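Each chain is listed here by its residues.
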Amino acid sequence: MPPPTTVFLDRDGTIIRDVGYLSRADDVELLPGAADAIARLNGRGISVIVITNQSGIARGIFSVPQYLLTQRRLDELLRDHGAMVNATYYCPDHPDFTGPCTCRKPSPLLFERAIAEHALDMASPAFIGDRWRDLQPSRSLGGTPILVNGPSTPPEDVQTAIAHDVTIVASLADAVSLLLARDQS
């Protein structure tokens, strides 16, 4: 199997520590090895797209400008490590607060938007996240799903991943190592 052409990443619990509802840029903390993993993808010319649900906006916990400050801080931290994401897409909704929405993961809408807006190569995409909903778009879009089993991963999501024969790893770094090892085989 070839290495990935595009990698879709979740943010909280995959790239950065999941603190619940991240509202302060000062609280953005990279997970160990995450920036280096993204830099490895960058070095191979692989597009890296972040798709994140941010229901704290709908809940009134933080505003869009506060979210954008946390995203800017993440971009700065990645840049400090020689890494970057090509684009970030977020859903500000939650059905309990804003009603039904078409962009909240597991919906593939934001993924499809990213594919169209960036002319992404979908020959061999990968989907990496710490929740089952982060991986579900791979079922309709094709590609390799990988679950990062971290502190914020619900046990039922691990069981669902097992039932669907999805690879489970401990970190983004482990996921990227597996994906890039494909080129060696």
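Right above here is the structure, for reference.
Residues numbered from 1 in each chain as written. Predicted model: local features only at pLDDT ≥ 70, side-chain atom pairs only at ≥ 80, totals over all residues. Heavy atoms only, no water.

Student: I keep staring at the side chain of Q71 and nothing clicks. Help me out?
Tutor: Looking at the secondary structure, you find Q71 in helix 2 (residues 64–80). Its relative accessible area of 6% is what places Q71 among the buried residues. A distance of 3.3 Å separates polar atoms of two side chains, one belonging to Q71 and the other to T88. Residue contacts for Q71: discarding those within four places in its chain leaves R11 and T88. (Helix = DSSP H or I, 4+ residues; strand = E, 2+ residues; numbered from the N terminus. Buried < 20%, exposed > 50% of the residue type's maximum accessible area, 1.4 Å probe, protein only. Polar contact = N/O pair within 3.5 Å; in protein donor to acceptor, adjacent residues only side chain to side chain. Contact = heavy atoms within 4.5 Å.)

Student: How should the pairing of strand 2 (residues 47–53) be read in this particular structure?
Tutor: Looking along a regular strand, one sees the side chains alternate between the two faces of the sheet. Within strand 2, 7 of the 7 residues are buried, which leaves the element mostly enclosed by the surrounding structure. Side-chain alternation along strand 2 places S47, I49, I51 and N53 on one buried face and V48, V50 and T52 on a second face that is also buried. Pairing of strand 1 (residues 6–9) with strand 2 involves 4 bridges; the strand directions are parallel. Residue T6 lies in a different strand from strand 2, and its bridge partner there is S47. (Pairing = 2+ DSSP bridges.)

Student: Could you clarify how one ought to interpret the nonpolar core in this entry?
Tutor: Generally speaking, a soluble globular protein has its nonpolar side chains buried in company with each other. Counting 30 residues, the largest nonpolar core has L9, I15, I128 and L172 as its most contacted members. At the level of secondary structure, the elements contributing two or more residues to this core comprise strand 1, helix 1 (34–43), strand 2, helix 2, strand 4 (126–129), strand 5 (144–148) and helix 8 (172–181). The contacts of L9, once residues within four sequence positions are left out, are I15, I38, V48, I49, V50, I51, I128 and L172. If you look at the next biggest cluster of nonpolar residues, it comprises 19 residues, including Y89, C103, L147 and A161. (Core = buried A, V, L, I, M, F, W, Y, C linked by side-chain atoms within 4.5 Å.)

Student: How should I be thinking about the sheet that holds strand 2 in this particular structure?
Tutor: Taking strand neighbours across the sheet as the criterion, the 6 strands line up as 3-2-1-4-5-6 in an open arrangement whose pairing is parallel. One side of each edge strand has no neighbouring strand; the edge strands of this open sheet are strand 3 (87–91) and strand 6 (167–169). Adjacent strand axes in the sheet meet at a mean angle of 20 degrees, parallel and antiparallel pairs treated alike. Pairing of strand 5 with strand 6 involves 3 bridges; the strand directions are parallel. Counterpart to L147 in the pairing with strand 6 is I168. (Axes fitted to C-alpha atoms, helices over the stretch in contact; angles between N-to-C directions.)

Student: Which parts of the structure should I look at to understand unusual backbone geometry?
Tutor: What is expected of a backbone is that most residues other than glycine have negative phi and most peptide bonds are trans. With an omega dihedral of 25 degrees, the bond running from K105 to P106 counts as a cis peptide bond. Note on placement: P106 falls in the loop between helix 3 (95–98) and helix 4 (109–118). With phi around 45 degrees, A119 is a residue other than glycine that occupies positive phi space. With respect to the helices and strands, the residue A119 is situated in the loop between helix 4 and strand 4. Overall, the relative accessible area of 65% leaves A119 in the exposed class. Phi at D165 is positive, roughly 55 degrees, even though this residue is not glycine. On the secondary structure map, D165 appears in the loop between helix 7 (155–163) and strand 6. Of the residues examined, D165 reaches a relative accessible area of 72% and is grouped as exposed.

Student: What is the right way to look at helix 8 in this model?
Tutor: A turn of α-helix holds 3.6 residues, and therefore any two residues three or four places apart point the same way. Residues L172, A175, V176, L179 and L180 constitute the buried set of helix 8. For helix 8, the arc enclosing every buried residue in end-on projection is 125 degrees, short of the 170-degree limit, so these residues lie on one face. Here the buried face of helix 8 lies against strand 1, helix 1, strand 4, strand 5 and strand 6. (Arc of directions from axis to C-beta.)

Student: Which parts of the structure should I look at to understand the packing of aromatic side chains?
Tutor: Where two aromatic rings form a pair, the distance of their centres and the angle of their planes describe that pair. Under the criterion given, the structure shown has 4 aromatic pairs. With 5.1 Å between their ring centres and 20 degrees between their planes, F8 and F127 make a pair best called stacked. Here F8 is found in strand 1, whereas its partner F127 is found in strand 4, with 119 residues between them in sequence. For the pair shown, F8 and F127 are each scored as buried. An angle of 40 degrees between the planes, with centres 4.3 Å apart, marks the rings of Y67 and Y90 as tilted. (Phe/Tyr/Trp six-rings, centres within 6.5 Å; stacked < 30°, edge-to-face > 60°.)

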